[in-house]
Amino acid sequence: MQVETADAIETAIAWQLRLAAADEAEWAAFIVWLEESPAHAEAYDRVAATDRMVADARFPEPAPIAENDNRPAPRRWLWWTGGVAAAAAVALALVPAMRPAAQTYQVATRDGERRAIALDDGTTIELSGGTQLTLDRNDPRVATLDRGEALFQVRHDSAKAFTLKVGGVAVQDLGTVFNVAHLDGRIRVAVAEGAVAFQPDASAVTLRAGDALSARDDGADVARTRIAPALVGGWRSGRLSFAGQPLGEVAGALKRLYGTNIALRGTLSERPFTGVVHLSGVADRDVPRLAELIGATWRRDGGQWILAEQGPNAP
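Right, let's walk through the structure included here.

### Digging into the packing of helix α4 (residues 247-258) against helix α5 (residues 283-294)
At a minimum axis distance of 12 Å, the contact between α4 and α5 shows a crossing angle of 175 degrees. What the angle tells us is that α4 and α5 run roughly antiparallel. Residue-level contacts link Leu-247, Val-250, Leu-254 and Tyr-258 of α4 to Ala-283, Asp-286, Val-287, Leu-290 and Ile-294 of α5.

Set out below in structure tokens:
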């Protein structure tokens with residue numbers, strides 16, 4: 001029985017790696033293998049269990065891809081019903097990173113792309129589009145968010161806290177699930193679970209579940225707000241929450257998720273916006289809906305969306 005279990009685990013790992021670039025025939029073969037024996041489904045469940053983030057529903061587009069030094073082919077989304085708990089995990093299986101020779105290395109996404117990585121210490125990170133992280137091969141307890149947005153699920157270690165460097169400041173976990181954005185010279189931190197210390201020194205600001213903070217990336221101009229914990233990292237499921245941010249940031253969030261440019265005419269980009277934007281996963285639906293929500297006109301110009309103010313003062 002142990003030999004059969006070991007064989008099933010080996011096969012499950014092989015499937016996990018193959019599915020990153022699988023065609024329809026391979027997906028069909030994978031389903032057949034799952035249904036051949038309860039042991040196969042159990043083995044794949046065990047392999048997929050390393051991903052602690054698959055419990056939540058995911059924003060349907062773009063599909064996340066496995067972390068790997070060689071960029072894999074786009075992953076196909078496939079959902080089916082039945083008793084196989086691993087079905088949801090297929091869409092976000094995490095593959096251990098190949099080890100480059102350099103001590104530090106970058107993990108990056110283009111606009112319209114998402115990526116998930118698992119660090120050696122048990123921490124998992126989801127990157128939104130247009131994001132770059134710098135990681136240390138010799139120390140998985142430090143990272144730098146160079147640009148973009150990411151959600152961190154940190155395995156807490158009281159002996160050595162996980163430290164994220166952003167601009168000229170640091171965010172340190174106190175046992176945490178938190179989201180950080182580093183865009184246009186500003187930092188936004190929001191906490192879903194546990195707590196983080198912003199600037200963990202004598203002047204540290206502690207943020208707990210439901211707390212959010214905005215600051216310049218040199219640590220100045222700090223403003224604290226509140227957010228529903230369920231909305232932290234909402235870009236993963238298509239729910240974007242804003243509290244007085246300029247519409248330019250809303251447009252930037254859609255650009256990262258869809259990879260499409262949105263130009264805001266007149267003073268639209270500076271207009272503050274508060275609310276939750278629910279996305280369908282299809283830019284052709286969501287950009288016109290955003291325009292309607294903010295009372296703007298919209299049109300397409302090649303690959304760019306143009307939103308403009310309505311009324312006699314519109315340009």
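### Topic: the pairing of strand β11 (residues 195-198)
The side chains of a regular strand alternate between the sheet's two faces. With burial as the criterion, each face of β11 is covered, one bearing Ala-195 and Ala-197 and the other bearing Val-196 and Phe-198. One ladder, built from 3 bridges, connects strand β8 (residues 169-173) with β11; its direction is antiparallel. Along β11, the bridge assignment pairs Gln-172 with Ala-197. Judged from the 4 bridges that link them, β11 and strand β12 (residues 205-208) form a sheet pairing that is antiparallel. Bridge assignment links Phe-198 to a residue of β12, and that residue is Val-205. What sits between β11 and β12 in their antiparallel hairpin is a turn of 6 residues, with Gln-199 showing a positive phi close to 60 degrees.

### With respect to the environment of Glu-193
On the secondary structure map, Glu-193 appears in strand β10 (residues 186-193). Setting aside chain neighbours within four positions, we find Glu-193 in contact with Gly-175, Thr-176, Val-177 and Ala-209.

### Regarding the packing of aromatic side chains
According to the stated counting rule, one finds 4 aromatic pairs in the structure shown. With centroids separated by 5.1 Å and ring planes inclined at 10 degrees, the aromatic side chains of Phe-152 and Phe-178 adopt a geometry described as stacked. A residue pair is termed long-range when its members are at least 10 positions apart, and Phe-152 in strand β6 (residues 142-153) and Phe-178 in strand β9 (residues 177-183) qualify at 26 residues. The exposure class of Phe-152 is buried, given its relative accessible area of 0%.

### As for α5
Taking 1.5 Å per residue, 12 residues should reach 16 Å; α5 reaches 16 Å between its end C-alpha atoms and fits that length. Against α4, β16 (261-264), β17 (272-278), β18 (296-301) and β19 (304-309) lie the buried residues of α5.

### Comments concerning the environment of Gly-194
Summarising the element assignment, Gly-194 is placed in the loop between β10 and β11. Separated by 13 residues in sequence, Gly-194 and Leu-207 have C-alpha atoms that sit 8.5 Å apart. With near-sequence residues (within four places) excluded, Gly-194 lies in contact with Gly-175, Thr-176, Leu-207, Arg-208 and Ala-209.

### Considering the side chain of Thr-131
Mapped onto the elements of the fold, Thr-131 is located in the loop between β4 (124-127) and β5 (132-136). Looking at Thr-131, its side chain comes within polar contact range of the main-chain nitrogen of Glu-149, at 2.9 Å. With sequence-adjacent residues up to four places away left out, Thr-131 is seen in contact with Val-107, Ala-108, Thr-109, Leu-145, Arg-147, Gly-148 and Glu-149.

### With respect to the nonpolar core
Residues Leu-240, Leu-254, Ile-262, Ile-294 and Leu-307 are the most contacted members of the largest nonpolar core, which totals 32 residues. Within the residue set of this core, elements represented by two or more residues are β10, β15 (239-246), α4, β16, β17, α5 and β19. Per-element tally for this core: the top contributor is α4, with 7 residues. When near neighbours in sequence (up to four residues on either side) are disregarded, Ile-294 contacts Leu-247, Leu-268, Arg-271, Phe-273 and Leu-307. Core analysis: the second largest hydrophobic core is formed by 28 residues, Ile-117, Leu-127, Ile-187 and Val-189 among them.

### With respect to the environment of Leu-290
Structurally, the position occupied by Leu-290 is in helix α5. Each C-alpha atom of the pair Leu-290 and Leu-279 lies 9.3 Å from the other, and the pair is 11 residues apart in sequence.

### So, α4
Its 12 residues give α4 an end-to-end C-alpha distance of 17 Å, which sits within 8% of 16 Å, the value for a rise of 1.5 Å per residue. Buried residues of α4: Leu-247, Val-250, Ala-251, Ala-253, Leu-254, Arg-256, Leu-257 and Tyr-258, and no others. Backbone geometry just after α4 places Gly-259 at a positive phi near 75 degrees.

### Concerning the pattern of salt bridges
Tallying each qualifying case throughout the model produces 15 salt bridges. Here Arg-141 makes a salt bridge to Asp-173, at a shortest N to O gap of 3.8 Å. Linking Arg-141 in the loop between β5 and β6 with Asp-173 in strand β8, this pair joins segments that are 32 residues apart in sequence. Measuring nitrogen to oxygen at the nearest pair gives 3.1 Å for the salt bridge that ties Arg-186 to Asp-221. Note that Arg-186 is positioned in strand β10 and Asp-221 in the loop between β13 (211-216) and β14 (223-226), a separation of 35 residues in sequence. Taking relative accessible area as the criterion, Arg-186 reaches 22% and is therefore assigned partly exposed. The class for Asp-221 is partly exposed, based on a relative accessible area of 47%. Linked by salt bridges that have partners in common, Arg-114, Glu-126 and Arg-236 make up one network.

Thresholds, definitions, all that
Throughout, residues of each chain are indexed from 1 in the direction in which the sequence is written. In keeping with the model being predicted, local features are shown solely for residues with a pLDDT of at least 70 and side-chain atom pairs are shown and tallied solely at 80 or more, while totals for entire chains, interfaces and linings include all residues. Excluded from the side-chain calculations are hydrogens and water; all other atoms, namely the structure's heavy atoms, are used. With axes taken as lines fitted to C-alpha atoms, and helix axes fitted only over the stretch in contact, angles between N-to-C directions fall between 0 and 180 degrees. Secondary structure elements are defined from DSSP: runs of H or I of at least 4 residues count as helices, runs of E of at least 2 residues count as strands, and each element is numbered from the N terminus. Relative orientations are named as follows: roughly parallel for angles under 35 degrees, roughly antiparallel for angles over 145 degrees, roughly perpendicular for angles from 65 to 115 degrees, and oblique for any other angle. Contact criterion: two residues are considered in contact whenever any of their non-hydrogen atoms come within 4.5 Å of each other. Think of it in three bands: with a 1.4 Å probe and only protein chains considered, a residue is buried below 20% of the maximum accessible area for its type, exposed above 50%, and partly exposed in between. Only when DSSP finds a minimum of two bridges between them are two strands counted as paired. Pairing of aromatic side chains requires ring centres within 6.5 Å, counting the rings of Phe and Tyr and the six-membered ring of Trp. Pairs whose planes differ by under 30 degrees are stacked, by over 60 edge-to-face, and all others tilted. Any helix carries an expected span of 1.5 Å times its number of residues minus one. Think of a polar contact as two N or O atoms within 3.5 Å of one another; within protein, one of them needs to be a possible hydrogen donor and the other a possible acceptor, and neighboring residues in sequence only count if both atoms come from side chains. We call a set of buried Ala, Val, Leu, Ile, Met, Phe, Trp, Tyr and Cys residues a nonpolar core when their side-chain atoms join them within 4.5 Å. Any carboxyl oxygen of Asp or Glu that lies within 4 Å of a side-chain nitrogen of Lys or Arg is treated as forming a salt bridge with it.

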